[in-house]
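Summary of structural features
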Amino acid sequence: MKGYLKEVHPVLPVKDVVKALEFYVKKLGFEIAFADDPTKPFYAGVRRDNVEIHLQWHDEKEWETVERPMLRFVTKHIKNLHDEYETKKVFHKNTSLKKTSWGTREFAFYDLYQNGLTFYENL
């Protein structure tokens, strides 16, 4: 039997896991899935619908060498999600919901630690 890829849980680098958890829960509507410590976690996960993201602490001294990824989330009801996040004031001045030449409708912004987040729906 062939191997099967079931899910992916990307790990995002953060300077402060507690602040990152607060951002993802209060601003982006995720819930805490787990944390390695209840008060001062160095590694934690957040979940919303079928998506789980892990947040990993990195020392600020090495921050300039830490690569920050860009995640693309496949969504339903992109306009509703855009409106939800707009009310939470997470967007940057250039964030907008737009149609692309590659057949999607999408918007993108960065989290607290410059990890790229793009949300899209196929047209």
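Before reading further, recall that the structure is shown in the block above.
My aim in this report is to walk through the structure given alongside it, one point at a time. This one's a predicted model, so the numbers in the text were calculated from it and none came from an experiment.

Rules of the game
Residues numbered from 1 in each chain as written. Predicted model: local features only at pLDDT ≥ 70, side-chain atom pairs only at ≥ 80, totals over all residues. Heavy atoms only, no water. Buried < 20%, exposed > 50% of the residue type's maximum accessible area, 1.4 Å probe, protein only. Helix = DSSP H or I, 4+ residues; strand = E, 2+ residues; numbered from the N terminus. Pairing = 2+ DSSP bridges. Axes fitted to C-alpha atoms, helices over the stretch in contact; angles between N-to-C directions. Contact = heavy atoms within 4.5 Å. Polar contact = N/O pair within 3.5 Å; in protein donor to acceptor, adjacent residues only side chain to side chain. Core = buried A, V, L, I, M, F, W, Y, C linked by side-chain atoms within 4.5 Å.

Concerning the pairing of strand 8 (residues 116–122)
Burial runs high along strand 8: five of the seven residues are buried. As paired elements, strand 7 (residues 104–110) and strand 8 share seven bridges and run antiparallel to each other. Considered in strand 8, the bridge of arginine 105 is made with glutamate 121. The turn joining strand 7 and strand 8, which pair antiparallel and follow one another in sequence, is formed by five residues; a positive phi near 65° is taken by glutamine 114.

As for the sheet that holds strand 2 (residues 31–35)
Taken in spatial order, the four strands make up an open sheet running 1-4-3-2, and their pairing is mixed. Each end of this open sheet is capped by a strand with a single partner; those strands are strand 1 (11–14) and strand 2. Adjacent strand axes in the sheet meet at a mean angle of 30° when their direction is disregarded. Taken strand by strand, helix 1 (residues 17–27) contacts strand 1, strand 2, strand 3 (43–48) and strand 4 (51–57), and its axis lies near 155° from that of strand 4.

Considerations on the sheet that holds strand 7
Across the sheet, four strands lie side by side as 5-8-7-6; this open sheet has mixed pairing. Each of the sheet's edge strands pairs with one partner strand only, and the pair in question is strand 5 (70–74) and strand 6 (98–99).

Some points on the side chain of threonine 95
Note that threonine 95 resides in the loop between helix 2 (78–87) and strand 6. Of note is the side chain of threonine 95, whose polar atom sits 3.1 Å from the backbone oxygen of alanine 108. Excluding its chain neighbours within four sequence positions, the residues that come into contact with threonine 95 are Phe107, Ala108 and Phe109.

Comments concerning the nonpolar core
Membership of the largest hydrophobic core comes to 27 residues, with the highest contact counts inside it found for Tyr24, Leu28, Ile53, Leu55, Tyr85, Phe109 and Phe119. Mapped by element, the contributors of at least two residues to this core are strand 1, helix 1, strand 3, strand 4, strand 5, helix 2, strand 7 and strand 8. Top element by residues in this core is helix 1. It accounts for five residues. Dropping the residues within four chain positions of it, tyrosine 85 is found in contact with Lys27, Leu28, Phe30, Arg48, Val90, Phe91, Phe107, Phe109 and Phe119.

Thoughts on the environment of histidine 54
Relative to the elements of secondary structure, histidine 54 occurs in strand 4. A residue is classified by how much of its surface remains accessible, and histidine 54, at 11% relative accessible area, is buried. Placed 37 residues apart in sequence, histidine 54 and valine 17 show a C-alpha to C-alpha distance of 9.9 Å. Every residue in contact with histidine 54, bar those within four places of it in the chain, is listed here: His9, Pro10, Val11, Leu12, Phe34, Tyr43, Ala44 and Gly45. A distance of 2.8 Å separates the side chain of histidine 54 from the side chain of glutamate 52, its partner in a polar contact.

Purely geometric numbers; function is a separate question.
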